[in-house]
Amino acid sequence: MKYLNQAKRHGAKLAVVVAAPLALAAQAYAAIPEDAKTAIEGAKADGIEAGWLVIGAIAAIFVFSLVRRVLR
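In short, a report on the structure. Quick caveat: nothing in here was measured; it's all calculated off a predicted structure.

1. Thoughts on the overall build of the protein chain
If you tally the helices and strands in the protein chain, you get two helices and zero strands. Within the protein chain, buried positions represent 0% of all 72 residues. As displayed, the protein chain has an accessible area near 7000 Å², and 71% of this comes from carbon and sulfur atoms.

Dropping the structure here:
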């Protein structure tokens, strides 16, 4: 019980002490090979295209539902 009470009292302070170095850690910038960069850019373009196809499909369904309501 003694340890539980101490954990309750000092737990938040300990969490700050443990998390501070992680929050202040610097990012490491490693060199990425060119073929990896081109693959990532290609995947990004494919993802954007797929996203626009989904948005287009949703818009088509919306327009179809509007036309159905008007024709009733």
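Next, the rest of the story.
2. Details of the pattern of salt bridges
One pass over the full model with this rule turns up one salt bridge. Notably, a salt bridge pairs K37 with E34, separated by 3.6 Å at the nearest N-O pair. Placement of both K37 and E34 in helix 2 (residues 34-71) is noted, with a separation of three residues, approximately one turn of the helix.

3. Remarks on a nonpolar patch on the surface
A cluster of nonpolar residues, F62, V63, L66, V67, V70 and L71, forms a patch on the protein surface that exposes about 610 Å² of accessible area. Along the polypeptide, V63 turns up in helix 2.

Criteria and cut-off values
Going along each chain's sequence as written, the residues are numbered from 1 onward. Totals for whole chains, interfaces and linings use every residue, but because this is a predicted model, local features are given only for residues with pLDDT of at least 70 and side-chain atom pairs only at 80 or more, for both listing and counting. The basis for every side-chain value is the complete set of heavy atoms in the structure, and neither hydrogens nor water enter the calculation. A run of H or I in DSSP becomes a helix once it reaches four residues, and a run of E becomes a strand once it reaches two; helices and strands are each numbered from the N terminus. Only protein chains enter the accessibility calculation, which uses a 1.4 Å probe; a residue is then buried when its area is under 20% of its type maximum, exposed when over 50%, and partly exposed in between. Values of accessible area rely on a 1.4 Å probe in the Shrake-Rupley scheme; residue burial ignores everything except the protein chains shown. Note on definitions: salt bridges are taken to be side-chain nitrogens of Lys or Arg within 4 Å of carboxyl oxygens of Asp or Glu. Patch membership needs two things, relative accessible area over 30% and no salt bridge, and members are linked within 9 Å if like-charged or within 5 Å if nonpolar (Val, Leu, Ile, Met, Phe, Trp, Tyr).

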